[in-house]
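Structural description and commentary
As a plain string of letters, each chain reads:
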Amino acid sequence: MNLYAILTGDLVRSSAVEASRYPALLQALQQCLQQFCPPGIAPPVLFRGDGFQLATLPSQAFMAALQTRLTLLSLQSDARLAIAIAPAEQLRADLNQSTGQAFTLSGQLLDQLQEQRWDWLDPQQPLTTAEQLLLQLVSVQLQQLTARQAGVLLAYLQQQRPPHQQLASFFNTSRVNITHLLNQAQYGLISQVVDYFTSRYAGHQGGTSDA
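Our subject in this report is the structure included herewith.

Two pairing modes exist for strands in a sheet, parallel and antiparallel, and in both the strands are linked by backbone hydrogen bonds. One open sheet accounts for five strands, arranged S2-S3-S1-S4-S5; its pairing is mixed. The open sheet has two edge strands, strand S2 (45–47) and strand S5 (118–121), and neither has a second partner. Within the sheet, the average angular offset between the axes of one strand and its neighbour, ignoring direction, is 15 degrees. One ladder, built from six bridges, connects strand S1 (residues 3–11) with strand S3 (residues 51–56); its direction is antiparallel.

The nonpolar side chains of soluble globular proteins are, as a tendency, buried together. Core analysis: the largest hydrophobic core is formed by 68 residues, its most contacted members being Phe62, Trp118, Trp120 and Leu153. Considering every element that reaches this core, the biggest residue donor is helix H2 (residues 61–73), with nine residues. Those residues in contact with tryptophan 120 that lie beyond four places of it in its chain are Ala61, Phe62, Ile83, Ile85, Leu109, Leu127, Gln132, Leu135, Phe197 and Tyr201.

Of the residues making up helix H6 (residues 164–171), those classed as buried are His164, Leu167 and Ala168. Taken down its axis, H6 places every buried residue within 105 degrees of arc, on the same side. Residues of H6 that are exposed and point over 90 degrees away from its buried face: Ser169 and Phe170. Looking one or two residues beyond H6, the residue adopting positive phi is asparagine 172, at roughly 55 degrees.

Scoring rules and cut-offs
- Residues numbered from 1 in each chain as written.
- Predicted model: local features only at pLDDT ≥ 70, side-chain atom pairs only at ≥ 80, totals over all residues.
- Heavy atoms only, no water.
- Pairing = 2+ DSSP bridges.
- Helix = DSSP H or I, 4+ residues; strand = E, 2+ residues; numbered from the N terminus.
- Axes fitted to C-alpha atoms, helices over the stretch in contact; angles between N-to-C directions.
- Core = buried A, V, L, I, M, F, W, Y, C linked by side-chain atoms within 4.5 Å.
- Buried < 20%, exposed > 50% of the residue type's maximum accessible area, 1.4 Å probe, protein only.
- Contact = heavy atoms within 4.5 Å.
- Arc of directions from axis to C-beta.

Dropping the structure here:
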């Protein structure tokens, strides 16, 4: 049985986003999602103006969700995200035409989200209470980040956790400033959570799509 991670989301308070900022916001979101689309799997889609969906490998699900929110937070926006790990029996070349338990669960989970910014559902290997709490604690931490902190943490993760001096050069600032921003973002703890959720699904590699 091939398991996939389906991330379904929408922008928070998208109607409040200035029209001049919207194209850049959607472009950044699309580029972020595209990074987590494995070969042979349908590309991510944007729909209804503020909705989006991504199919990826279970081991990449948390990192994809995290980087998606950091991308938006760095642009002074955010998203609600529903992550479902389950079979996707008809994963086609177009996600809009794909079906399966993973798609159904992800969509239903998003509809149920209220105050939470993300949630995770895995019928085969349900999250423990401690894992659910960990997920929500990270979410609360993300909501407290400034756009600058989110941008630096995003770059740190995207660049495979480089030395702080390398990030300082990237942002044209001092190493001390980068270290300060990363510490404020709790980068060490968040990196450990990334590693935890990645290893949780290390044995699930998904499969190929039906074109």
